[in-house]
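Structural description and commentary
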Amino acid sequence: MLTLEIAIQKIQQLPPDQWQKVLEFIEFLEYQSSHHQKAPKTIEPPEVSFAEAAKEFIGCLDSDLEDLSHNPQYLEELGQ
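Residues numbered from 1 in each chain as written. Predicted model: local features only at pLDDT ≥ 70, side-chain atom pairs only at ≥ 80, totals over all residues. Heavy atoms only, no water.

**Focus: the overall build of the chain**
What counts, and what does not: Labels follow the DSSP assignment, with helices taken as runs of H or I lasting at least four residues and strands as runs of E lasting at least two, numbered in each case from the N terminus. Calculation of accessible area relied on Shrake-Rupley with a 1.4 Å probe; when residues are assessed, cover is drawn exclusively from the protein chains displayed.
A count of helices and strands for the chain gives 4 helices and 0 strands. Counted from the first residue to the last, the chain has its helices and strands arranged as α-α-α-α. Working note: accessible area of the chain is about 8400 Å², and carbon and sulfur atoms make up 58% of it.

**Thoughts on a nonpolar patch on the surface**
Where we set the bar: Note on patches: the residues involved have over 30% relative accessible area and no salt bridge, like charges join within 9 Å, and the nonpolar side chains Val, Leu, Ile, Met, Phe, Trp and Tyr join within 5 Å. What counts as a salt bridge is simple: a side-chain nitrogen of Lys or Arg found within 4 Å of a carboxyl oxygen of Asp or Glu.
A cluster of nonpolar residues, Phe 25, Phe 28, Leu 29 and Tyr 31, forms a patch on the protein surface that exposes about 420 Å² of accessible area. Relative to the helices and strands, Tyr 31 resides in helix α2 (residues 16-38).

Just distances and angles here, no functional claims.
And the structure:
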């Protein structure tokens, strides 16, 4: 016997004043089903570069060191 047939038999065995509650429950399930289908499955955060994520810290240290990317001594062995 199918699940639907069993459900119909059980509903028919209920007193008529309970039928309205069954109908309300079915409508609730329909409402839940329609809202679950519309909701996105996962929400992924947007990708952010490291520089963008760390921008509040850029330049926060005081130092006598120059930028290493412009230091010729630092670049001498680069790529060897």
